[in-house]
Amino acid sequence: MEKKISFSEILKKYTMVIVLVFVVIMFSVNTKGVMLLPQNVNNLVAQNAYVFILATGMLFCILTGGNIDLSVGSVVCFVAAVGGKMMVLNSMNPYLTMIVMLLVGIAIGAWQGFWIAYVKIPPFIVTLAGMFVFRGLSNVILNGLTISPMPESYLKLFNSYVPDFFGGDGFNITCMLAGIIACAVYVLLQLKNRKDRAKKGYELENLTGAVIKMVVICAAVLAFMYKLALHKGIPYVLIWVVIIILIYTYVTSKTTTGRYFYAVGGNEKATKLSGINTNKVYFIAYLNMAFLAAVAGMITIARLNSANPTAGTNYEMDAIGSCFIGGASAYGGIGTVPGVIVGAILMGVINLGMNIMGVDANYQKVVKGLVLLAAVIFDVVSKKKQS
């Protein structure tokens, strides 16, 4: 049975996507097309890779009831400091260093998760303390100095590009082919999912709407890959980001553990009475957040080619903003990984567009703040109308 969706429902469901398209068009016109140059599209990926990763982790914290993690920027800096010192000053193997960095992130997540989940200290307090603690420890490790450069073998893991196996001249054929394959896989998965739902007797999305959605998404992916193909192709950092997005999209939409996060955010007491260990859900959320902060730390020192005491500053704000702009509810229990990524892209496009236009950095902060406030107001007003 197909579900009929009204125009107002479509508008509400895809509000941020529509806003993103409008913002891209607006900046493209105002920059006379400069923003959509292949190099700038590539910069959008490189400069915002950490936002995509941190926002994905932040979503899990927000799902548990609108909770946030204020320490992620400091954790990124601390993990980067540990990694930088190991590789540059102690000449340790980059791969071994990466494992240590991830373990440090997990240890931090376990530490903060314990106080939040089992001692019941509010997440705001624990992560605020973490923000000060790990920023201070970063300065202790670095002695207030910048450590650089990173080993070349480490930089290649994040800053290089997938080679063109077809030897395209000025156009990366491998990149474009990857985009076509990605679209084909996406369409097949969507059709399979629709078929499975029909077999089980579930309500189906209107076929016309489903086809339009697939066409729009595939067109966006192909346009994006075309732009990358005109520059250097697929950056390795994009592969890291895509892997993380796919894994966490699957976790939130297809696994029992993922559903627990939505349940806790929806009604924690009812979830607890149904036999779900809500303490464990909180613990996993903050353990996972610190783990992804460690991954972001690895990417950050590669992009900067250094570990410095100011790395990660305001990263937590970018992640939190991306989540709320991307449709995560301030009350918890609502939000998706794809939605958060749309929010992160919107933030990245606004940053890039205003930088190209030469807008003062202070005004950029004003605009980002107003966009975040507008997104939360939209969420709150929508909930009031539903009730």
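Thresholds applied
- Residues numbered from 1 in each chain as written.
- Predicted model: local features only at pLDDT ≥ 70, side-chain atom pairs only at ≥ 80, totals over all residues.
- Heavy atoms only, no water.
- Helix = DSSP H or I, 4+ residues; strand = E, 2+ residues; numbered from the N terminus.
- Buried < 20%, exposed > 50% of the residue type's maximum accessible area, 1.4 Å probe, protein only.
- Contact = heavy atoms within 4.5 Å.
- Areas by Shrake-Rupley, 256 points an atom, 1.4 Å probe, with all protein chains shown as cover.
- Lys, Arg positive; Asp, Glu negative; His and termini not counted.
- Charge placed at Lys NZ, Arg CZ, Asp CG, Glu CD.
- Phe/Tyr/Trp six-rings, centres within 6.5 Å; stacked < 30°, edge-to-face > 60°.
- Salt bridge = Lys/Arg side-chain N within 4 Å of Asp/Glu carboxyl O.
- Core = buried A, V, L, I, M, F, W, Y, C linked by side-chain atoms within 4.5 Å.
- Disulfide = S-S within 2.5 Å.
- Expected span 1.5 Å × (residues − 1).
- Polar contact = N/O pair within 3.5 Å; in protein donor to acceptor, adjacent residues only side chain to side chain.

Looking at the overall build of the protein
No. 1: The secondary structure content of the protein amounts to 16 helices and two strands.
No. 2: Across its three principal directions, the C-alpha atoms of the protein cover 65 × 60 × 40 Å.
No. 3: By residue count, 44% of the 387 residues in the protein fall in the buried class.
No. 4: Residue pairs in contact within the protein that sit at least 24 positions apart in sequence constitute 80% of those at least 6 positions apart.
No. 5: Surface summary for the protein: the accessible area is close to 19200 Å², and the carbon and sulfur share equals 69%.
No. 6: A distance of 5 Å separates the average location of the 29 positive side-chain charges in the protein from that of its 14 negative side-chain charges.

A few points about the packing of aromatic side chains
No. 1: By the definition in use, this model includes eleven aromatic pairs.
No. 2: Plain terms: the ring middles of Phe60 and Phe261 are 5.0 Å apart, the flat faces sit at 90° to each other, and that makes the pair edge-to-face. Of the two residues, Phe60 is situated in helix H3 (residues 38–63) and Phe261 in helix H11 (residues 256–266); the sequence distance between them amounts to 201 residues. Phe261 matches Phe60 in its accessibility class, with the two residues each being buried.
No. 3: Ring geometry for Trp111 and Trp115: centres 5.5 Å apart, planes at 80°, overall edge-to-face. Note that Trp111 and Trp115 are positioned in helix H5 (residues 94–117) at a spacing of four residues, about one turn of the helix.
No. 4: You can call Trp111 exposed: its relative accessible area is 52%.
No. 5: Residue classification places Trp115 among the partly exposed residues on the basis of a relative accessible area of 28%.

Thoughts on the pattern of salt bridges
No. 1: Counted according to the given criterion, the structure contains two salt bridges.
No. 2: Notably, a salt bridge pairs Lys192 with Asp196, separated by 3.1 Å at the nearest N-O pair. Highlighted residues: Lys192 and Asp196, both in helix H8 (residues 173–199), separated by four residues, approximately one helical turn.
No. 3: Notably, a salt bridge pairs Asp318 with Lys368, separated by 3.4 Å at the nearest N-O pair. Highlighted residues: Asp318 in helix H14 (residues 315–325) and Lys368 in helix H16 (residues 361–386), separated in sequence by 50 residues.
No. 4: Residue Lys368 is classed as partly exposed on the basis of its relative accessible area, which comes to 22%.

A word on the nonpolar core
One recurring pattern in soluble globular proteins: nonpolar side chains tend to sit buried together.
No. 1: With 82 residues, the main nonpolar core has Leu54, Met58, Tyr154, Ile301 and Cys323 as its most contacted residues.
No. 2: In this view, Tyr154 contacts Met87, Pro94, Met98, Met101, Met298, Ile299, Ile301 and Ala302; residues no more than four positions away in its chain are not counted.
No. 3: Phe27, Leu44, Val342 and Leu352 belong to the second-largest nonpolar core, a separate cluster that totals 14 residues.

Concerning the state of the cysteines
No. 1: Overall, the coordinates contain zero disulfides when judged by the stated rule.
No. 2: There is no disulfide at Cys61, and the cysteine sulfur nearest it, in Cys323, is 8.6 Å away.
No. 3: For the unlinked cysteine Cys218, the closest cysteine sulfur is that of Cys183, found at 3.9 Å.
No. 4: Residue Cys218 is classed as buried on the basis of its relative accessible area of 12%.

Details of unusual backbone geometry
No. 1: Residue Pro149 is bonded to the preceding Ser148 through a cis peptide linkage, with omega at -10°.
No. 2: The backbone of Lys32 shows a phi angle near 55°, a positive value even though the residue is not glycine.
No. 3: For Lys32, the position within the fold is in the loop between helix H2 (15–30) and H3.
No. 4: Unlike most non-glycine residues, Asn305 shows phi in positive territory, near 55°.
No. 5: Mapping Asn305 onto the fold places it in the loop between helix H13 (278–304) and H14.

Quick look at H8
No. 1: For H8, built from 27 residues, the straight-helix expectation of 39 Å at 1.5 Å per residue is met to within 8% by its first-to-last C-alpha distance of 39 Å.
No. 2: Where H8 is concerned, the buried positions are Thr174, Cys175, Met176, Gly179, Cys183, Tyr186 and Arg194.
No. 3: One side-chain oxygen at the N-terminal end of H8 lies 3.3 Å from the backbone nitrogen of Thr174; it belongs to Asn172.
No. 4: Just past H8, the residue Gly201 takes up positive phi, approximately 80°.

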